[in-house]
Structure formats: structure tokens, C-alpha cells
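Coordinate inspection notes
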2 protein chains.
Amino acid sequence: MGKYDCLKLETQLCFPLYVCSKEIIRKYKPYLDPLGLTYTQYIAMMVMWERKKVNVKELGERLYLDSGTLTPLLKKMEEKGLVRRERSSEDERVLDVVITDEGMALREEAVKVPMAMKSCVTLNMEEAKLLYDVLGKIIQDIRE
Amino acid sequence: MGKYDCLKLETQLCFPLYVCSKEIIRKYKPYLDPLGLTYTQYIAMMVMWERKKVNVKELGERLYLDSGTLTPLLKKMEEKGLVRRERSSEDERVLDVVITDEGMALREEAVKVPMAMKSCVTLNMEEAKLLYDVLGKIIQDIRE
DNA sequence: ACAATTTAGATTGTACACAATTTAATTTTG
DNA sequence: CAAAATTAAATTGTGTACAATCTAAATTGT
């Protein structure tokens, strides 16, 4: 037990978390490329498919992203014709993001992605549930 | 059970993994700022403190990062005086990264970081071990 | 009502992260 | 041994991510 053992990569929980996140996102790439989506755009579309219309603040809260990330992301998604960005008429500060027909249509292609990804990782239901719960707990902890 | 349930954010394992990684790294910031390190530089220093000298390829394998990320990272760390970058004399293609005295000295400050971080997350030993093992398994899986 | 404050997004600047390409050095092969 | 292939880093280009600041609109306090 050296004084500096706590600074070894293997004793860190954060490092495998960081690697795992990165590597899984990289694994998505071949499945998302045909859809013309990056991973971040994909999770943004997940919210759009479900909600149809959300403002930037709501989207940021859902995705844990701020306007510095979302503004350019949403502009690109608008260029691709997936969403429209329009100021709320009730409150001019608010920007509503509305899914287009084209964006909605992309869902048909996207349903194949989770299935394809699942086959990359051999976690049983129990482990998956456990991981999901622990991650949720950490996220809660960190946000006080 | 809708046809599109698999595209809901809550059914994804990857999303909490992504959020968790991001938020923990953000949590490091106030502890790493006084050391003048970013998170990526911090994990690179962890390898340096342990190995003293590694080449870019080895470092990349350990950190799961490529030269596109490491080259600029190591140049910044050299500017800060934490490491030296020098071509291997045996093989001119290889770039050795060698820790400096100053880099070595920084370890004294850094030992406080893991302790400080630990108090942010209230995982018991059992949960931590479990998380660590499952993450390791996923990383293995993904790398075939 | 109106100045002060708060709020929602946008902008700016810095730092990864990675795919794809390039360059130079070393190995392998015919 | 010389050409072909491989390898290690560096470079280029795109896309996040986030802190800090800015701007404009809405809300609050007096």
C-alpha cells in the first residue's frame, strides 16, 4: 500500500467510466453514419421523437448539455432538415425546437440502431439493471 | 410496449454512462484547476508518475487515446514543464515522454485529489467494485 | 411605471476526441 | 539489397463540451 496508490489508474472508478463512455459512443458510429447523425445528435433526436417540440432549456436539462453545446448542434440539425428552430411567441427569450416530418421519418431507420448495438455488449439483464441503477445514483449524488 | 420504446432515453445504458462520465469529469475541475491540470492531463500524469518514461504509443494504449489527441496534449504538458518529449535514439519514429522533476513534484499536490473526489460520491465498497467490474467487462467486450 | 434583477440563448475561447491523411523511419519481401 | 509494406507520430478537419461573457426579453421590487 504505497502512499501514491490512490493515483494509479487502476484504482480509479472515473477512468473506466470515461473509457467505457467514449468507446461505446465510438461503437455507435458505423450505425449512426448511415443516418447522418452523430451520437449527440442521436440523443437529441431521441428527445425530439418523443416530445415533438421542446425548448432549448428543457432539452439541455434532459441531456445535461448547455446552450454552448446545443446552439451549434441544433443549427446543424436544422440544416439537415431534422428540426425547425423558432422563437416562442409567448416569450421571445425561449427558442422552441420542433421536429420536422423528415426528422420524424428518420425514426424508422433509427429503430434498428439499439438492436444492433445490443449485440456488441454481452451484459445479462441483471448486470445491465445494476449498472443502470448505480449510474443513476452517481448522477443524483453529483448533482447534490 | 411501443415499437419505438427502444429509442427512449431511459431505456439506454449508454446515455447514463455518457452523462456520468461527463459530470464526474466536471466535478474534478475545482480540484484539478489549482494543479493547472485538465482531466485528460491528469490521467496522463497518472501514467507518468507510475512509469516515469513512456512513448506515445504506449501512453495511447493505456489511456485509449490516439496521437491526434495526445500530440497537442503532450506539447501543452511540455510547455508547463511537466514532461520532456524526445525522440528515441533506437527508433527515430518513436517519441519518448519523460517526466521532469517538476512533474514528479506535482504528485505531492495530486494525492489530495482522489480523497476529495471520493467524498462527492456515496457508493459503498460493494457497489464500487461491482461497477468497476462491469465497466471492465464492457470495455473488453467492445474491444472484441 | 420603471429601474434592478433574473432568465434564455448566443457567443467566445479553450480543450479534447477521433477519422483520415501525411510524413518519415523501420521492416519485410522478392 | 532495393522496392513494398508497415509503423509511429504529426497534421488536418469536424464535432462536441463547457466556462465565462454578452444580449435581449421578461419579471420583480419599490
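Everything numeric here is computed off the predicted structure, so don't read it as measured data.

Here we come to the packing of helix α2 (residues 39-51) of chain A against helix α3 (residues 56-63) of chain A. In a packed pair of helices, the relevant descriptors are the angle between the two axes and the axis-to-axis distance. Residues and elements named next belong to chain A. Relative to each other, α2 and α3 sit at 120°, their axes nearing to 10 Å. Classified by the angle between their axes, α2 and α3 sit oblique to one another. As for the relative orientation of α2 and α3, their crossing is right-handed in sense. Counting all contacts with α2, which are made through Ile43, Ala44, Val47 and Arg51, the residues of α3 involved are Glu58, Leu59, Arg62 and Leu63. The class makeup of the residues in the contact of α2 with α3 is 5 nonpolar, no polar and 3 charged.

What follows is about the packing of aromatic side chains. Taken as a whole, this structure holds 10 aromatic pairs over all chains when the rule is applied. Ring geometry for A:Tyr39 and A:Tyr42: centres 6.4 Å apart, planes at 55°, overall tilted. Residue A:Tyr39 and its partner A:Tyr42 are located together in helix α2, separated by 3 residues, close to a single helical turn. By relative accessible area, which is 7% here, A:Tyr39 ends up buried. In this structure A:Tyr42 comes out as buried when scored by relative accessible area, which is 0%. Measuring from centroid to centroid gives 6.2 Å for B:Phe15 and B:Tyr18, while their planes differ by 35°, and the two rings are tilted.

Moving on: the protein's contact with DNA strand D. In the vicinity of DNA strand D, 30 residues are found, and the nearest of them are A:Thr38, B:Tyr18, B:Lys57, B:Ser67 and B:Thr71. When the atoms of DNA strand D within 4 Å of the protein are grouped by moiety, sugar and phosphate amount to 80% of the total. Within the side chain of A:Gln41, one N or O atom sits 2.9 Å away from a phosphate oxygen of DNA strand D. Measuring from a phosphate oxygen of DNA strand D, one finds a side-chain N or O atom of B:Lys75 at 2.9 Å. Residues of the surface near DNA strand D, tallied by class, amount to 7 nonpolar, 9 polar and 14 charged.

Quick look at the sheet that holds strand β2 (residues 83-87) of chain A now. Residue and element names in this part refer to chain A. Strand order in the open sheet formed by 3 strands is β1-β3-β2, and the pairing between neighbours is antiparallel. Two strands in the sheet have a free side with no partner beyond their single neighbour: β1 (53-55) and β2. Within the sheet, the average angular offset between the axes of one strand and its neighbour, ignoring direction, is 25°. Sheet strands in contact with α3 are β1 and β3 (95-99), and its direction is about 90° off that of β1. Running at roughly 120° to β2, helix α4 (residues 67-79) makes contact with β2 and β3 of the sheet.

To continue, consider the protein's contact with DNA strand C. Taken together, 30 residues form the shell around DNA strand C, and within it A:Tyr18, A:Lys57, A:Ser67, A:Thr71 and B:Thr38 come nearest. In DNA strand C, the atoms that sit within 4 Å of the protein are 80% sugar and phosphate, with bases accounting for the remainder. Residue A:Val56 places a main-chain N or O atom 3.4 Å away from a phosphate oxygen belonging to DNA strand C. A:Lys57 is positioned with one of its backbone polar atoms (N or O) 2.7 Å from a phosphate oxygen of DNA strand C. Taken together, the elements giving at least two residues each to the surface near DNA strand C come down to α1 (14-32), α3, α4 and β2 of chain A together with α2 (39-51) and α4 (67-79) of chain B. The residue inventory of the surface near DNA strand C, partitioned by class, reads 7 nonpolar, 9 polar and 14 charged.

Calculation criteria
Residues numbered from 1 in each chain as written. Chains lettered and ligands numbered in written order. Predicted model: local features only at pLDDT ≥ 70, side-chain atom pairs only at ≥ 80, totals over all residues. Heavy atoms only, no water. Axes fitted to C-alpha atoms, helices over the stretch in contact; angles between N-to-C directions. Helix = DSSP H or I, 4+ residues; strand = E, 2+ residues; numbered from the N terminus. Parallel < 35°, antiparallel > 145°, perpendicular 65-115°, else oblique. Left-handed = near helix turned anticlockwise from the far one by under 90°. Contact = heavy atoms within 4.5 Å. Nonpolar A, V, L, I, M, F, W, Y, C, P; charged D, E, K, R; others polar. Phe/Tyr/Trp six-rings, centres within 6.5 Å; stacked < 30°, edge-to-face > 60°. Buried < 20%, exposed > 50% of the residue type's maximum accessible area, 1.4 Å probe, protein only. Near = heavy atom within 4 Å. Polar contact = N/O pair within 3.5 Å; in protein donor to acceptor, adjacent residues only side chain to side chain. Pairing = 2+ DSSP bridges.

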